[in-house]
Amino acid sequence: MAAQYKGTQVRAPDEETAVPRQRRGDGEQPPAGPGTSRTAGGAIAGRTLPYLLILPALVATILLLGYPLVRNVIISFQTLNAFQLIQHTTQWTGFGNYKAQLTSADFWHTTERSVFFTLANVALIMVAGTLVGLLLYRLGKKMRLLLSIGMVLAWAMPIVAGTTVYQWLFDTRYGVVNWVLWKVGFHSMHGYNWFGHQFSTFAVITLMVVWQSIPFVALNLYAGLTTISGEIFEAARMDGAGAWRSFTSVLFPMLKPFFLSTAFLEIIWVFKAFTQVYALNGGGPAGLTETLPVYAFVEGVGNQHYGTGAAISVLTILILLVLMSYYFRIMLKQEDEL
């Protein structure tokens, strides 16, 4: 059969030359082509790319942290002092170092001291950091910039340099603090030795630790506050909510993950604080301000009982994990709710 249209002949396909059109069922997949393999390869590459990106950091962590941790655990099962270290001899004691510490009154006194020191510092850091963060949110642009610069400088100051400043401030004879207290009428503070008593030494250490930690909490809280619309706080004020009610009913629930994660980090940082305690007064007087990291250093390096020091450090990590178990549960619960 043939038809003509404007001089052009169009032939209809006959039965022999026509290609039958196949129909697919509902459950039948389309035939695989070159694009299908490229799509599958792209999906695999997309899944493996995040792991490839974190691989360098993972390798560096294993080399810089994993290997020393394993070596430390191995040493904790040995009697290792200066003689064994020089002679390259190994004397295994099993759990002897751990047993000696777990039955030692000094270890448990130091543990109790470290826990109370951590809880007191973290509480002060979170309260003071929250207040300063709220102040940043309320201040004008120029004052906010000035306060932020001051906090960044305090945060960036090296710990040893900050410790030297505090030693000068609280010096017995030439300290600024004693001079100011004497000037305002506290004449009994003239020549007072801040580092001669346990409580006063801990007071100076706590002041230094809190001073260096407030900027982290305050600046992060201010960053979190900028993500919340001001209309929410305005609505709370119109409903009659005061400052405290706005914080507990509006701000804290919205920024609860921030407070939990920040407290989580501060517990770790304060519990393992070593430089502030040791550089300020060497854990004195008479070891009454030693925390677990300082106690491990004094026993391991100072007394050259390396196996004992390694055992104390391992026990310190285990105690920290026990302290953090409650926060682990809360954070996992928060992730399930999201």
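## A look at the environment of Thr 118
Then, in step 1: Of note, Thr 118 is situated in helix α4 (residues 105-138).
Then, in step 2: When the C-alpha atoms of Thr 118 and Trp 269 are compared, they prove to be 9.0 Å apart, with 151 residues separating the residues in sequence.
Then, in step 3: Those residues within four positions of Thr 118 in sequence are excluded, and the remaining contacts are Ile 267, Val 270 and Phe 271.

## Points about unusual backbone geometry
Then, in step 1: Between Gly 284 and the following residue, Pro 285, the backbone shows a cis peptide bond with an omega angle of 5°.
Then, in step 2: Phi at Ala 286 takes a positive value of approximately 55°, unusual for a residue other than glycine.
Then, in step 3: By secondary structure assignment, the location of Ala 286 is in the loop between α12 (275-281) and α13 (292-302).
Then, in step 4: Here Ala 286 falls in the exposed class, since its relative accessible area comes to 79%.

## Notes on the confidence of the model for the chain
Then, in step 1: Here the chain averages 81 in pLDDT, and 85% of its residues register 70 or above.
Then, in step 2: Per-residue pLDDT, averaged within each element of the chain, yields its smallest value for strand β1 (residues 2-5) (42) and its largest for α4 (92).
Then, in step 3: Low pLDDT, under 50, characterises residues 1-10; the stretch is placed with seven contacts to residues that sit more than four places away or in other chains.
Then, in step 4: Every residue in residues 12-22 scores below 50 in pLDDT, and together they form two contacts with partners more than four places removed in sequence or on other chains.

## Describing the packing of helix α10 (residues 243-254) against helix α11 (residues 256-271)
Then, in step 1: Across the interface, α10 lies against α11 with an axial gap of 4 Å and an inter-helix angle of 65°. As far as their axial angle goes, α11 and α10 are roughly perpendicular. Where α10 abuts α11, its residues Phe 247, Phe 252, Pro 253 and Met 254 lie against Lys 256, Pro 257 and Phe 259.
Then, in step 2: Broken down by class, the residue content of the contact of α10 with α11 amounts to six nonpolar, no polar and one charged.

## A look at the packing of helix α5 (residues 141-156) against helix α8 (residues 198-225)
Then, in step 1: Taken N-terminus to C-terminus, the directions of α5 and α8 make an angle of 135°; their axes are 8 Å apart at the nearest point. Classified by the angle their axes make, α5 and α8 are oblique. In this structure, α5 meets α8 at a crossing whose hand is left-handed. Counting all contacts with α5, which are made through Arg 144, Ser 148, Met 151, Val 152, Ala 154 and Trp 155, the residues of α8 involved are Trp 211, Gln 212, Pro 215, Phe 216, Ala 218, Leu 219 and Tyr 222.
Then, in step 2: Here the residues of the contact of α5 with α8 sort into ten nonpolar, two polar and one charged.

## Section: the packing of aromatic side chains
Then, in step 1: One pass over the structure, following the stated rule, counts 19 aromatic pairs.
Then, in step 2: With 5.6 Å between their ring centres and 55° between their planes, Tyr 166 and Trp 211 make a pair best called tilted. In this pair, Tyr 166 sits in helix α6 (residues 159-169) while Trp 211 sits in helix α8, placing the two residues 45 residues apart along the sequence.
Then, in step 3: For Tyr 166, a relative accessible area of 7% corresponds to the buried category.
Then, in step 4: Trp 211 gets classed as partly exposed once you look at its relative accessible area, which sits at 31%.
Then, in step 5: Within the aromatic cluster, the residues linked to one another by ring pairs are Tyr 166, Phe 170, Tyr 192, Trp 194 and Trp 211.

## What to know about a nonpolar patch on the surface
Then, in step 1: A contiguous nonpolar surface patch, about 1300 Å² in accessible area, is contributed by Leu 49, Tyr 51, Leu 52, Leu 53, Ile 54, Leu 55, Leu 58, Val 59, Ile 62, Leu 63, Leu 64 and Leu 65.
Then, in step 2: One can find Tyr 51 in helix α1 (residues 34-75).
Then, in step 3: Given the relative accessible area of 61%, Tyr 51 is considered exposed.

## Observations concerning the nonpolar core
Then, in step 1: Phe 107, Val 204, Ile 205, Leu 251, Leu 255, Phe 259 and Leu 280 are the most contacted members of the largest nonpolar core, which totals 50 residues.
Then, in step 2: Going through the elements one at a time, α4, α8, α9 (230-238), α10, α11, α12, α13 and α14 (306-337) are the ones with two or more residues in this core.
Then, in step 3: Examining the composition of this core, we find that eleven residues originate from one element, α8, more than from any other.
Then, in step 4: Once you skip the residues sitting within four places of it in the chain, Phe 107 turns out to touch Gln 101, Leu 102, Leu 292, Tyr 295, Ile 312, Leu 315 and Ile 319.

Scoring rules and cut-offs
Residues numbered from 1 in each chain as written. Predicted model: local features only at pLDDT ≥ 70, side-chain atom pairs only at ≥ 80, totals over all residues. Heavy atoms only, no water. Helix = DSSP H or I, 4+ residues; strand = E, 2+ residues; numbered from the N terminus. Contact = heavy atoms within 4.5 Å. Buried < 20%, exposed > 50% of the residue type's maximum accessible area, 1.4 Å probe, protein only. pLDDT = per-residue confidence, 0-100. Axes fitted to C-alpha atoms, helices over the stretch in contact; angles between N-to-C directions. Parallel < 35°, antiparallel > 145°, perpendicular 65-115°, else oblique. Nonpolar A, V, L, I, M, F, W, Y, C, P; charged D, E, K, R; others polar. Left-handed = near helix turned anticlockwise from the far one by under 90°. Phe/Tyr/Trp six-rings, centres within 6.5 Å; stacked < 30°, edge-to-face > 60°. Patch = residues over 30% accessible without salt bridge, like charges linked within 9 Å, V, L, I, M, F, W, Y side chains within 5 Å. Areas by Shrake-Rupley, 256 points an atom, 1.4 Å probe, with all protein chains shown as cover. Salt bridge = Lys/Arg side-chain N within 4 Å of Asp/Glu carboxyl O. Core = buried A, V, L, I, M, F, W, Y, C linked by side-chain atoms within 4.5 Å.

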